[in-house]
Amino acid sequence: NRQDLLPFTNEGDMEPGRWTGIVIHHLGEPFGTPESIHRQHLSWGYQGLGYHFLIGNGNGLANGQVYVGYRWLEQLPGAHVVGDAGHLHNAQSIGICLIGNGDRHAFSERQIKHVTRLVQRLQRDFDIDADDVFFHSDLAAAVPSPGRLFPEAEFRAQLLDLR
């Protein structure tokens, strides 16, 4: 049962086929809280926190803590992919952001473990194949997110092949 794994505001919120992909991001900053990111996104003209989930690094959110954003709770489109692919992926992909900058520092073991588990649960619950799990840099070439220090091969080896 999906409700056992991931929180929703009510059971009627689930729309079949609503989510078709997952996009992994980094914040690009060493510190972040849901509130600080929400304020930053408002200043950029977004309607608040653009991601569905945040994964803490111990600097603002606890190390490995999974924060569930209002866009997930209310099943709203994200505001997390820039460029030509943005419209489609913001509407249909789940945005997950790791606090930190994967070009400057490796993510913590707990962050990688928790983002991997979260992605696997989302894959199972929404029938999202490994081919539909993207890095932001896959969709917007000028964006180095989640960064060169993200353990891509290790992460991708743990994704579920549902096809």
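Just so you know, these numbers come straight off a predicted model, no measurement behind them.

A. Structural view of the packing of aromatic side chains. Overall, the coordinates contain eight aromatic pairs when judged by the stated rule. Plain terms: the ring middles of Phe135 and Phe150 are 5.0 Å apart, the flat faces sit at 75 degrees to each other, and that makes the pair edge-to-face. Here Phe135, found in strand β5 (residues 133-135), pairs with Phe150, found in the loop between α6 (136-139) and α7 (152-157); they are 15 residues apart in sequence, far enough to count as distant. A relative accessible area of 4% places Phe135 in the buried class. Relative accessible area serves as the criterion here: at 5%, Phe150 is assigned to the buried category. Among the aromatic residues, those joined into a cluster by ring pairs are Trp19, Phe53, Trp72 and Phe126.

B. Quick look at the layout of surface pockets. Its volume calculated, the largest pocket comes out at about 300 Å³. In this structure, the largest pocket is lined by 18 residues; those nearest its centre are His26, Leu27, Trp44, Tyr51 and His136. Of all the secondary structure elements, the ones that give two or more residues to the lining of the largest pocket are β1 (21-26) and α2 (34-43). For the lining of the largest pocket, a count of residues per class yields nine nonpolar, eight polar and one charged.

How each quantity is defined
Residues numbered from 1 in each chain as written. Predicted model: local features only at pLDDT ≥ 70, side-chain atom pairs only at ≥ 80, totals over all residues. Heavy atoms only, no water. Phe/Tyr/Trp six-rings, centres within 6.5 Å; stacked < 30°, edge-to-face > 60°. Helix = DSSP H or I, 4+ residues; strand = E, 2+ residues; numbered from the N terminus. Buried < 20%, exposed > 50% of the residue type's maximum accessible area, 1.4 Å probe, protein only. 1 Å grid on protein atoms, 1.4 Å probe; cavity = no way out; pocket = protein on both sides within 12 Å on 5 of 7 lines; lining within 4 Å. Points joined across faces, edges and corners; volume = space filled by probe spheres on them. Nonpolar A, V, L, I, M, F, W, Y, C, P; charged D, E, K, R; others polar.

From the geometry alone we can't say anything about function, so treat these as descriptive.
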